Amino acid sequence: MTRLLLIGPPGAGKGTQAALLSQHFGIPAISTGDIFRYNVKNQTPLGVEAKGFMDRGEYVPDSLTNSLVRDRLSHDDALGGFLLDGYPRTIDQVHELDSILSDAGKRLDVVVQLTADSEELVRRLAHRAEVEGRADDTPDVIRRRLEVYESQTAPLIDVYAARGLVAMIDGLGEIADVTARIVEALDARGLTKDA
Ligand code: ADP
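Quick look at the structure, then. (Residues numbered from 1 in each chain as written. Predicted model: local features only at pLDDT ≥ 70, side-chain atom pairs only at ≥ 80, totals over all residues. Heavy atoms only, no water.)

### Section: the nonpolar core
Formed by 30 residues in total, the largest nonpolar core has its most connected members in Leu73, Leu84, Leu97, Leu108, Val111 and Tyr160. Contributing elements (two or more residues each) for this core: β1 (3–7), α3 (45–56), α4 (62–73), β3 (82–85), α5 (91–103) and α7 (139–162). Take this core: its biggest share by element is five residues, from α7. Setting aside anything within four residues of it in sequence, one finds Leu84 in contact with Leu4, Leu5, Leu6, Ile30, Val69, Leu73 and Leu97. (Core = buried A, V, L, I, M, F, W, Y, C linked by side-chain atoms within 4.5 Å. Buried < 20%, exposed > 50% of the residue type's maximum accessible area, 1.4 Å probe, protein only. Helix = DSSP H or I, 4+ residues; strand = E, 2+ residues; numbered from the N terminus. Contact = heavy atoms within 4.5 Å.)

### Considerations on the site of the ligand
Lining the immediate surroundings of the ligand are 19 residues, of which Thr32, Arg37, Glu58, Arg89 and Arg145 lie closest. Thr32 is positioned with one of its side-chain polar atoms (N or O) 2.7 Å from a nitrogen atom of the ligand. One nitrogen or oxygen atom from the side chain of Arg89 is found 2.8 Å from a nitrogen atom belonging to the ligand. For the ligand, whose free accessible area comes to 550 Å², the fraction covered by protein is 97%. (Near = heavy atom within 4 Å. Polar contact = N/O pair within 3.5 Å; in protein donor to acceptor, adjacent residues only side chain to side chain. Areas by Shrake-Rupley, 256 points an atom, 1.4 Å probe, with all protein chains shown as cover.)

### So, empty space enclosed by the protein
Counting across every chain of the model gives one cavity of 30 Å³ or more. In this model, the largest cavity occupies a volume close to 40 Å³. What lines the largest cavity is simply Leu6, Ile7, Gly8, Lys14, Gly86, Tyr87, Pro88, Arg89, Tyr149 and Thr153. Breaking the lining of the largest cavity down by element, the ones donating at least two residues are β1 and α7. (1 Å grid on protein atoms, 1.4 Å probe; cavity = no way out; pocket = protein on both sides within 12 Å on 5 of 7 lines; lining within 4 Å. Points joined across faces, edges and corners; volume = space filled by probe spheres on them.)

Right under this line is the structure:
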């Protein structure tokens, strides 16, 4: 029963670590970015609304994002625990998640903050642009996404730190080493895979 959040700037490696941790703990990794991309690709009404914001590196409006997450967390597979990758990203989203959890009589266990310096972030995102060709990985949009992260999402770390929930993890180095650091920090908080 683990409920955790992964917070970090674009390029910090959230998606990669989310997949590994999801396996380790046997909980679903829920990425709002992936859900939006799926909807854009399939041209659903949500995708059509989200696309412009994503292409500009802006956040999708809270009203759309919040209802998507409320719905997703009500699915059976998320009842016993989940890992949220890329949500919440705004204070309004923090409040929505608080309300979703308190309605269900549940609470968060830990917020994993993944860090990397901005040079490394830009380097990784430029590399991903070559490999994956994501529409929002162009230099201008990358810059905008980093700015939006700093202004809207970085402040959330303080909010969760005040609740004693933040484990700060260095996201530099080998992927497996970063995973090991996270697992160790979670173990130290009593969150083992059997918990
Ligand atoms: P990254 O962390 O690399 O920026 P994501 O895949 O998490 O990438 O998100 C891609 C885009 O999807 C964001 O730039 C934003 O437009 C949208 N998005 C994802 N999650 C959220 C969220 N919680 N709130 C608003 N927009 C979001």
